[in-house]
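# Structural description and commentary
One-letter residues, chain by chain:
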Amino acid sequence: METSAESTEMFWTKSVRHSAGNCQIFQFRVLLPILTLHLILRTNDFLNTEKLDKEMRRVFDICHGCRRCFNLCDSFPKLFDMIDESQNEDVESLSSDQFAPVVDACTLCDMCFMTKCPYVPPHDFDLDFPHLMLRYRTAQKKLGKLPSVPLQLAQIDRNSKIGVMFSKIVNWASSIKNKFFRKILEIVVGIDKRVQLPKYNSETFSNFFKKNKDKINSQTSNKDRKVVIYTTCFVNFNKKNTGVAALKVLKKNGVEVQEAYPGCCGMPFLEQADLPKVVEQAKKVSKDLLEWVDKGYKVITLTASCGLMLKFEWPLLLPKDDNIKRLSSNTMDIDEYVVDIANNE
């Protein structure tokens, strides 16, 4: 394991939204010190219980005093209510056992880090709320405190292939109207019976694309614009119409379009702190997508969390992998790409 000063900090470029003026996206160089994502597997300090508890309290105290993220995920209302209802209405009044619900509510979407928090690096407070939540989950995983069912649900490619194959039966059984089966699902798996679950496509978007890509009308081809749609598991298995709409919009704008789905980006595994599995998926998926990049194609993601993985999370986990960095710099969200067309053509 690397222990040099060079290995304890790294620079990486992250995009954040500037709230002034016309809300332009700008980039700055973020110094990520020793307690950053890519060092989870490299240092025991990262999972040191005492240091983790101290950092949780430091960050929670700052967030409680700021509250700009009150309307994002449920982590923040849970945190603020918990502190407000404590004996002295401060973080020091909290028991460490109370932290878990706050962590569990975090979806690791990075919205707080990228769009709201005024205290991210290079500010001296050096806040990175989502990766602190991931750090806590990694500590939970090491202690065997994470439930096993979500780890099985994270096997998206395996589960969804079954879901698509038996889509009519699965969609009927998982419907919120099917109170009997949803009650069983709640008892056995722990999924709240009130939650509206995604429906499975009757066919994958990949299959649709192969059969229909030449049937969709397009404008005169723009030789400078070539993209490969990284379908993402959600679109491929659950939301085919999003892929169809993206295909029509891109072709309408004269873009040459190809499609690829080598596998899930690993976000469900990241949420379960299964970092080796995320790395495995990153290497597998990037190998396929880079073949398109080498041919001059931009990679377009149709799901925001998948774009987040390719552009930011994979490079943090594999900071020395030049292929991952190259893929990151050639990946765009679908809305980013359409705006680029509007601005430049």
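In the block above lies the structure referred to throughout.
The sections below set out a description of the structure shown in this document. (Residues numbered from 1 in each chain as written. Predicted model: local features only at pLDDT ≥ 70, side-chain atom pairs only at ≥ 80, totals over all residues. Heavy atoms only, no water.)

## Re the overall build of the protein
- Of the regular secondary structure elements, the protein holds 17 helices and 6 strands.
- Considering only contacts within the protein whose residues lie at least 6 apart along the sequence, 72% involve residues at least 24 apart. (Helix = DSSP H or I, 4+ residues; strand = E, 2+ residues; numbered from the N terminus. Contact = heavy atoms within 4.5 Å.)

## Details of helix H5 (residues 129–142)
- Compared with the 20 Å implied by 1.5 Å per residue over 14 residues, the 20 Å span of H5 between its first and last C-alpha is a close match.
- Most of H5 is tucked away, with 12 of its 14 residues classed as buried.
- Of all the positions in H5, only Phe-129, Pro-130, His-131, Leu-132, Met-133, Leu-134, Arg-135, Tyr-136, Arg-137, Thr-138, Ala-139 and Gln-140 are classed as buried.
- Residue Gly-144 follows H5 closely and has a positive phi angle near 70°. (Expected span 1.5 Å × (residues − 1). Buried < 20%, exposed > 50% of the residue type's maximum accessible area, 1.4 Å probe, protein only.)

## Quick look at the sheet that holds strand E3 (residues 226–230)
- Pairing in this open sheet of 4 strands is parallel, and the strands run E4-E3-E5-E6 from one edge to the other. Looking at strand neighbours, the two that pair on one side only are strand E4 (256–260) and strand E6 (331–333), the edges of this open sheet. The mean angle between the axes of side-by-side strands here comes to 35°, regardless of whether they run parallel or antiparallel.
- Contacts between helix H14 (residues 275–293) and the sheet are confined to E3, E4 and strand E5 (298–301), with E4 contributing the most and set at about 165° to the helix. (Pairing = 2+ DSSP bridges. Axes fitted to C-alpha atoms, helices over the stretch in contact; angles between N-to-C directions.)

## Quick look at a nonpolar patch on the surface
- On the surface, a nonpolar cluster with roughly 670 Å² of combined accessible area is contributed by Trp-172, Phe-180, Phe-181, Ile-184, Ile-187 and Val-188.
- Counting residues per element, the nonpolar patch draws most heavily on helix H9 (residues 179–189), which supplies 5 residues.
- Looking at where Phe-180 falls in the secondary structure, it is placed in helix H9.
- Classification of Phe-180 as exposed rests on a relative accessible area of 58%. (Patch = residues over 30% accessible without salt bridge, like charges linked within 9 Å, V, L, I, M, F, W, Y side chains within 5 Å. Areas by Shrake-Rupley, 256 points an atom, 1.4 Å probe, with all protein chains shown as cover. Salt bridge = Lys/Arg side-chain N within 4 Å of Asp/Glu carboxyl O.)

## Section: unusual backbone geometry
- With an omega dihedral of 15°, the bond running from Pro-121 to Pro-122 counts as a cis peptide bond.
- Tracing the chain through its elements places Pro-122 in the loop between helix H4 (111–116) and H5.
- Although it is not a glycine, Arg-67 sits at a positive phi angle of roughly 70°.
- Its place among the elements puts Arg-67 in the loop between helix H1 (49–66) and helix H2 (75–84).
- Positive phi is not limited to glycine here, since Leu-108 has a value of about 60°.
- By the secondary structure assignment, Leu-108 is in the loop between helix H3 (100–105) and H4.

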